[in-house]
Amino acid sequence: MATTAPRLGMHGIGKSFGRVPVLSDVDLTVDPGEVVALLGSNGAGKSTLMKILTGLYTRDGGTIQVDGEAVDFKDPAAAVASGVKLLPQEISVMPDMTVAENIFLGDMPLKRRFGILQVDKDVMRVRSRELLDQLGFANILPDMLVKRLSVAEQRIVEIARALAGKARILVMDEPTAALTEQEAKMIFKIIRRLKENKVSVIYISHYLSEVFEISDRIVVLRDGRNAGTFITADTQRAEVLAAMLGNTVDDLYDVGAPGIAGAEILNVEKLSIPRKLEDVAFSLHQNEILGIFGLVGSGVEVLGRALYGALGPLKTAEVRLGGQSYRPMSARNGKLAGIGFVAAERKKEGIIADLTVRENIALPFEERFERGLFMSQAEEAQHAIRWIGELGIRTRGPEQKIRTLSGGNQQKVCIARWLVEGVKLLILEEPTRGVDVGARREIYGKLRELANRGYAVLILSSDVEEVAGISDRSLVLDRGRIVGQFERGAKPAELMAATGNDPAFQAP
Amino acid sequence: MAQSIETHPAGGAREQMIQLFGKPWSGVAMLGIFYLILIAVFSVLSPYFLTLRNMLQIGGNVAYIGLMAAAGTPLIIAGGLDLSVAAIAGLTGVVISMLHGMGFPIWIGVLLAIVVAGAIGVVNGLFTTRLRLNPLIVTLGMMSIISGIALVLTGGLTRPLMVPGFNWVGSGRVIGIPIPFIIMMVTFVGLWVIMTKMRFGRYIYAAGGNAEASRLIGIPLEKTVIILYVISAISGAIAGTILGAMLGAAGPTAAGSQLLTVIAAIILGGTSLNGGRGSVWGTLLAVLILGTLNNGLTLLNVSSFWQDVTRGVVLMLAVSLDQIRTRALGE
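Residues numbered from 1 in each chain as written. Chains lettered and ligands numbered in written order. Predicted model: local features only at pLDDT ≥ 70, side-chain atom pairs only at ≥ 80, totals over all residues. Heavy atoms only, no water.

Turning our eyes to something else, we now look at the overall build of chain A. When helices and strands are counted, chain A shows 17 helices and 24 strands. Relative to the 2.2 N^0.38 estimate, which gives 23 Å for 508 residues, the radius of gyration of chain A is 26 Å and therefore close to what a compact globule would have. Seen along its three principal axes, the alpha-carbon backbone of chain A occupies a region of about 80 × 55 × 45 Å. The proportion of buried residues among the 508 residues of chain A is 54%. Here the analysis covers contacts within chain A between residues at least 6 apart in sequence; of these, 66% occur between residues at least 24 apart. Carbon together with sulfur atoms contributes 51% to the accessible area of chain A, which is approximately 22,100 Å² in total. (Helix = DSSP H or I, 4+ residues; strand = E, 2+ residues; numbered from the N terminus. Rg over C-alpha atoms; globule rule 2.2 N^0.38 Å. Buried < 20%, exposed > 50% of the residue type's maximum accessible area, 1.4 Å probe, protein only. Contact = heavy atoms within 4.5 Å. Areas by Shrake-Rupley, 256 points an atom, 1.4 Å probe, with all protein chains shown as cover.)

All names here are of chain A. What the domain assignment lists for chain A is domain 1 (8–245), domain 2 (263–338 + 424–436 + 451–499) and domain 3 (349–421). Using only C-alpha atoms to locate each centre, domain 1 and domain 2 end up separated by 34 Å. With 12 residues of domain 1 in contact, the opposing surface of domain 2 contributes 13 residues. For the pair domain 1 and domain 2, the summed buried surface comes to about 1,100 Å²; carbon and sulfur atoms form 57% of the total. The largest per-residue losses of area from domain 1 upon contact with domain 2 belong to His206, Tyr207 and Leu245, which jointly make up 48% of the total buried on that side. At the junction of domain 1 and domain 2, the tally comes to 0 salt bridges. Linking domain 1 with domain 2 are 0 residue pairs in polar contact (both at pLDDT 80 or more), by the criterion used here. Tallying contributions element by element places helix H8 (residues 237–245) first for the side of domain 1 that touches domain 2, with 3 residues. Class assignment of the residues belonging to the side of domain 1 that touches domain 2 gives a composition of 5 nonpolar, 5 polar and 2 charged. (Domains from an automatic or database assignment. Buried area = accessible area lost by both parts, 1.4 Å probe. Salt bridge = Lys/Arg side-chain N within 4 Å of Asp/Glu carboxyl O. Polar contact = N/O pair within 3.5 Å; in protein donor to acceptor, adjacent residues only side chain to side chain. Nonpolar A, V, L, I, M, F, W, Y, C, P; charged D, E, K, R; others polar.)

On to the sheet that holds strand S12 (residues 225–231) of chain A, then. Residues and elements named next belong to chain A. In spatial order, the strands read S6-S9-S10-S3-S11-S12; together these 6 strands make up an open sheet with mixed pairing. Here the strands that pair on one side only, and so sit at the sheet edges, are strand S6 (84–87) and S12. Geometrically, the sheet is characterised by an average inter-axis angle of 20° between neighbouring strands, direction not taken into account. Examined bridge by bridge, strand S3 (residues 35–39) and strand S10 (residues 200–204) share 4 bridges and lie parallel to one another. Paired with Leu38 across the two strands is Ile204, which belongs to S10. (Pairing = 2+ DSSP bridges. Axes fitted to C-alpha atoms, helices over the stretch in contact; angles between N-to-C directions.)

Our focus in this paragraph is the nonpolar core. Core analysis: the largest hydrophobic core is formed by 77 residues, its most contacted members being Leu363 of chain A together with Tyr64, Met68, Phe166, Phe188, Met195 and Ile204 of chain B. Ranked by residues supplied to this core, first place goes to helix H3 (residues 52–77) of chain B with 12 residues. Residue contacts for Met195 of chain B: discarding those within four places in its chain leaves Pro74, Ile77, Gly201, Arg202, Ile204, Tyr205 and Val280 of chain B. Residues Leu271, Ala343, Phe365 and Val457 of chain A belong to the second largest nonpolar core, which totals 71 residues. (Core = buried A, V, L, I, M, F, W, Y, C linked by side-chain atoms within 4.5 Å.)

Moving on, we get to the side chain of Arg358 of chain A. Position of Arg358 of chain A relative to the elements: it lies in helix H12 (residues 357–362). Residue Arg358 of chain A is classed as buried on the basis of its relative accessible area of 4%. The contacts of Arg358 of chain A, once residues within four sequence positions are left out, are Gln377, Glu380, Ala381, Ala384, Pro398 and Glu399 of chain A together with Arg202 of chain B.

By convention, interface size is frequently given as the accessible area that disappears when the constituent parts associate. Contact with chain B, which involves 23 residues of that partner, is made by 30 residues of chain A. A buried area of about 2,100 Å², summed over both sides, lies between chain B and chain A, and 55% of it is on carbon and sulfur atoms. By the criterion of area lost to chain A, the three top residues of chain B are Arg202, Leu216 and Ile217 of chain B, representing 35% of everything that side buries. Here chain B is connected to chain A by 6 salt bridges. The residue Glu366 of chain A makes a salt bridge to Arg202 of chain B at a minimum N-O spacing of 3.3 Å. Our count for the chain B to chain A interface comes out at 13 residue pairs in polar contact (both at pLDDT 80 or more). Mapped onto the side of chain B that touches chain A, the elements with two or more residues apiece are helix H8 (179–197), helix H9 (199–209) and helix H10 (211–217) of chain B. Here the side of chain B that touches chain A is built from residues that sort into 10 nonpolar, 6 polar and 7 charged.

With that out of the way, let us pick up the side chain of Asn295 of chain B. Within the fold, Asn295 of chain B resides in helix H13 (residues 280–299). Among all residues touching Asn295 of chain B, those that are not within four sequence positions of it are Phe49, Asn54 and Ile58 of chain B.

Okay, a nonpolar patch on the surface next. Residues and elements named next belong to chain B. Together, Val122, Val123, Leu126, Phe127, Leu131 and Leu133 line one region of the surface with nonpolar side chains, adding up to about 460 Å² of accessible area. Checked against the element boundaries, Leu126 lands in helix H5 (residues 106–129). Overall, Leu126 belongs to the partly exposed group, its relative accessible area being 35%. (Patch = residues over 30% accessible without salt bridge, like charges linked within 9 Å, V, L, I, M, F, W, Y side chains within 5 Å.)

The subject of this paragraph is the environment of Arg327 of chain A. All names here are of chain A. As for its placement among the helices and strands, Arg327 is situated in the loop between strand S17 (324–326) and helix H10 (331–336). With relative accessibility at 47%, the residue Arg327 sits in the partly exposed group. For Arg327, the residues in contact, after removing those within four places along its chain, are Pro313, Leu314 and Asn333.

Turning next to the sheet that holds strand S2 (residues 20–30) of chain A. The pairing of strands in a sheet happens through backbone hydrogen bonds and is either parallel or antiparallel. Residue and element names in this part refer to chain A. Reading across from one edge, S2-S1-S4-S5 is the order of the 4 strands in this open sheet, with antiparallel pairing throughout. Both outer strands of the open sheet, S2 and strand S5 (69–71), are each paired with one neighbouring strand and no more. Neighbour to neighbour, the strand axes of the sheet diverge by 30° on average, direction disregarded. Sitting on the sheet, helix H1 (residues 46–53) touches strand S1 (8–17), S2 and strand S4 (61–66), and the angle it makes with S1 is about 115°.

Have a look at this one:
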């Protein structure tokens, strides 16, 4: 091995967006037939590194070699031509085409008949059959429509497509995110076959148990740098977690002391949504910040909006809000019951881009600014100016269009909307997604202030450091169930470990 | 220091550009300038053009189109679209003339037509909100249904509609101003008040600007859009009444050909087909521009076929200019 070049060698890779460095001096090597897991928390630089490898981004510095040969991919097509293929997290298949057509998409075998060039369906069928047999899936037929397949089988078609393109390096980004445990096993089976065929795999996942099951080596990134390389067989999970998350508590979350929890505001029992949440129960008090952490697909993206009512009437749930029975019905109903909701996707679900800061703030409770038949713009402006001041929203004034504000300031406007008499509970999804570090700290500080003023604050996030850092209590969601409960001061590693489906494991 | 001297003038000019054209009113202002240029050109080309009589004539002639365009503006801003409005105008004339022929007082016919139009608006609204069907398809279907019914009811014939008090609505004047023009202006002012001064107006812009966010904020999205479809449909009924009164006759297809003018005026007026942006004053100016163009070209003896061509060119030109302006501001 020592004499042959590795299948992939990335050395000294650097990349900045504007003045913000996202990767500095990162190395990654993969041998033929090796499975390397690439780990790191949100923003560690994993996806940037993979986008550089697959030609989506250009690098600022460093070298990339495939089989000892220096390469410089200008676009994804060039990477694919060299056998480097990315399977993105979202499955991308053509649902109305057959399995065979999907496998040979973009590179269909041709034949000439009556002088006209056309797709050679027989060759395509035969070669699809070979590929699927090679992967061990005789039950998937080349002529099936892809939309009739399960999600896991669609994944397999995608992998077969990569192999048809003679992939030598396969980058799999969270390949099991939408799959059940059984289905995940199928993917592992394929990865083992790929190994036998000397295909190299870079495996990105948040699930440590998966990583330990399938990988040969683990490469950890933190803050855009190499933070450790481990031979999987000789490594404890705790070592990997420590490398991923570090042991220093960030002063990002050092934003003021928590208050003393007051009366119970929210009590949830037996909350179930088929295939998404199972028997979730928790309570939340005045002056308290409760953080719920879960990875993508854990149910963390539906729990908050389900309680608010945005998913429509909930059939199975017993919820008490402010001591009274409350049934989530609709967003409007939730709002009138005293819940404020800040959605994860700010652009799509939060701001009304063409309206002003004043209008965006006043929107949920316009009736309170009505004087007779007409809106009182003066009172709206007064209200907006108050919260621009209290939340430190950086804007030229209430009449500025919200679209021209930075992400962090837009987020503050989305919070300011709910700060009116009568709202007791604030539910925030991913409160600092797409927000720069400085503004993050400010938002955490404001949330703490709001909690101290008597709001009950519920945060749902896939950012483990955020949940561990800001919460007075935190819960961990995994595959729809609450699998861990922590007090203030728990380490991110402990929360992350709770998702690992491994009760024997104890965090450092 | 040297650097700042170098970059400042360019930055300053850009700032000035943005200050000048970045204001919400700049689109409407540009239309106003275009309108004045148009008037100047026709004044030079035709001695009959710039007379009070002719100007008032234009105002009266475009009124029924302006009425439908006015009501269509908030609907498009809220993310809807009503292609059935001109067909409703046609049906209205038919309903009025038939009921009148059966011996009912003329105003009963008008009232009934407005009620029918309201019901059509509710159906349009329910199909697009509750069933989440594309408004283009729903109202296109509705247009076909309504014009079909109007043809069935009349056998395709135009019926006379000469009733003294009634025809005054179409051709009468108050202190020299045509009644239809007054009705149109009252509608524009009323809608402007609703859209900018009242709660309902906020919901209109919010619904079209970001429907999903509006839903999550808990504003009554469906109700807002349904009401706007009703307003649009009723504007069709009133437009049909005015047209019938002006012509002294009701034909099933009387207003149908003006649908494109209505939509063109709304878009030319700067309302975004994607929703969320626009104003009724832009629509008003656009209606006046299209009406003036028509009138001026007629005075110059240009055939009506060439008028269609000209109208299309002006529309595409104006929309392109607006797009270029928006892009230049880097939005």
